[in-house]
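Observations on the model geometry
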Amino acid sequence: MNRLRTLADPDHLPALREEYLRAQPAAGLGALDPPPRILLLYGSLRERSYSRLAVEEAARLLQRFGCETRVFDPSDLPLPDQVTGDDHPAVHELREHSLWSEGQVWCSPERHGQMTGIMKAQIDHLPLAYKGLRPTQGRTLAVMQVSAGSQSFNTINAMRMLGRWMRMVTIPNQFSVAKAYEEFDEAGRMKSSAYYDRIVDVMEELVRFTVLLRPHAAQLVDRYSERKDRNEPVETPADRAGLASRN
């Protein structure tokens, strides 16, 4: 089963004003080839899920900026600890997509002043360490939320904290839309508005930070404690002797 959603009309951006767009927002910050790899997660299973619609709009913009995107469908994802050892195809696939990614987008509705359980379950299925690999460490992260009522930042603040906990580089910009049901047309496309402009801003910034950090990601998360646990000395005794003789 393929749990990646297919974007409808991926090249159609009716709310975008092309004359104000930088086609390559990360030009000059680093190598643009291969394309930055971005995983997008959303937090609602409703048929008309505004967090999913916002994520799909973000994915179209990211593709417009030259990125490769994957939108994960969590509809059959079990609860954490529901399956022994998390041995479930949806869990395995989510982790593989996270390992594939260089950056991520998390978007959740706000429910009872917090992210939804569906959003949190996806994050909880991403361990800090997995088969000797790090599914989230060193990756960039953009956080977004949709609200049924007035604008709020509770959910994105909570996801920022989780991003830090998952050792991700959470970008400064963020997206929060109030009365989300008014911001999408019948086809599920986001209308032209200041909210749409903000989602463009956030995706531009995510691309910039991802390209800027990609050659340095491993070094930025290189830790003394982990080198010690792995018994990986930085220098051999011969190296130290050589340094000592030169001093």
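**Some words on the overall build of the protein**
Tallying secondary structure elements over the protein gives eight helices and six strands in all. The order of helices and strands in the protein, counted from the N terminus, is β-α-β-α-β-α-β-α-β-β-α-α-α-α. In terms of overall dimensions, the protein has C-alpha extents of about 75 × 50 × 35 Å along its principal axes. Looking at the protein residue by residue over its 247 residues, the buried ones come to 49%. Contacts in the protein between residues far apart in sequence, at least 24 positions, make up 79% of those at least 6 positions apart. For the protein, the computed accessible surface area is about 12800 Å², with 50% contributed by carbon and sulfur atoms. A distance of 4 Å separates the average location of the 32 positive side-chain charges in the protein from that of its 33 negative side-chain charges.

**Overview of the nonpolar core**
One broad rule of soluble globular proteins: the nonpolar side chains tend to lie buried together. Ranked by internal contacts, the top residues of the largest apolar core, which has 38 residues, are Met144 and Met203. Going through the elements one at a time, strand 1 (37-42), helix 1 (50-64), strand 3 (103-109), strand 4 (140-146), strand 6 (175-177) and helix 5 (194-213) are the ones with two or more residues in this core. Among the elements that line this core, the one with the most residues is helix 5, at eight residues. Counting residues in each nonpolar core, the second largest holds 20 residues, with Leu94, Met119, Leu126 and Ile156 among its members.

**Section: the environment of Leu206**
Checked against the element boundaries, Leu206 lands in helix 5. Here the alpha-carbon distance between Leu206 and Leu32, two residues 174 residues apart in the chain, equals 13 Å. Discounting residues that sit within four places of it in the chain, Leu206 has contacts with Ile38, Leu62, Gln104, Val105, Thr140, Leu141, Ala142 and Ile171.

**Notes on the pattern of salt bridges**
Considering all chains together, one arrives at 18 salt bridges under this definition. Asp124 is paired through a salt bridge with Lys120; the nearest N and O atoms lie 2.7 Å apart. In this pair, Asp124 and Lys120 are both assigned in helix 3 (residues 117-124), four residues apart and thus about one turn of the helix distant. Look at the salt bridges and you will find they share partners, linking Arg134, Arg167, Glu226, Arg230 and Glu232 into a network.

**Some points on the packing of helix 1 against helix 5**
As a packed pair, helix 1 and helix 5 sit with axes 10 Å apart at the nearest point and diverge in direction by 55°. For the element pair helix 1 / helix 5, the angle class is oblique. Relative to helix 5, the crossing made by helix 1 is right-handed. Side by side, helix 1 and helix 5 meet where Ala54, Glu57, Ala58, Leu61 and Leu62 of the first sit next to Tyr196, Ile199, Val200, Met203, Leu206 and Val207 of the second. Considered class by class, the residues forming the contact of helix 1 with helix 5 number 10 nonpolar, no polar and one charged.

**Some details on the packing of aromatic side chains**
Centre distance and the angle of the planes are the two values used to describe a pair of aromatic rings. One pass over the full model with this rule turns up one aromatic pair. One cation-aromatic arrangement involves Arg70 over Trp100; the distance from NZ or CZ to the ring centre is 3.9 Å.

Criteria and thresholds
Residues numbered from 1 in each chain as written. Predicted model: local features only at pLDDT ≥ 70, side-chain atom pairs only at ≥ 80, totals over all residues. Heavy atoms only, no water. Helix = DSSP H or I, 4+ residues; strand = E, 2+ residues; numbered from the N terminus. Buried < 20%, exposed > 50% of the residue type's maximum accessible area, 1.4 Å probe, protein only. Contact = heavy atoms within 4.5 Å. Areas by Shrake-Rupley, 256 points an atom, 1.4 Å probe, with all protein chains shown as cover. Lys, Arg positive; Asp, Glu negative; His and termini not counted. Charge placed at Lys NZ, Arg CZ, Asp CG, Glu CD. Core = buried A, V, L, I, M, F, W, Y, C linked by side-chain atoms within 4.5 Å. Salt bridge = Lys/Arg side-chain N within 4 Å of Asp/Glu carboxyl O. Axes fitted to C-alpha atoms, helices over the stretch in contact; angles between N-to-C directions. Parallel < 35°, antiparallel > 145°, perpendicular 65-115°, else oblique. Left-handed = near helix turned anticlockwise from the far one by under 90°. Nonpolar A, V, L, I, M, F, W, Y, C, P; charged D, E, K, R; others polar. Phe/Tyr/Trp six-rings, centres within 6.5 Å; stacked < 30°, edge-to-face > 60°. Lys NZ or Arg CZ within 6 Å of the ring centre and 35° of its normal.

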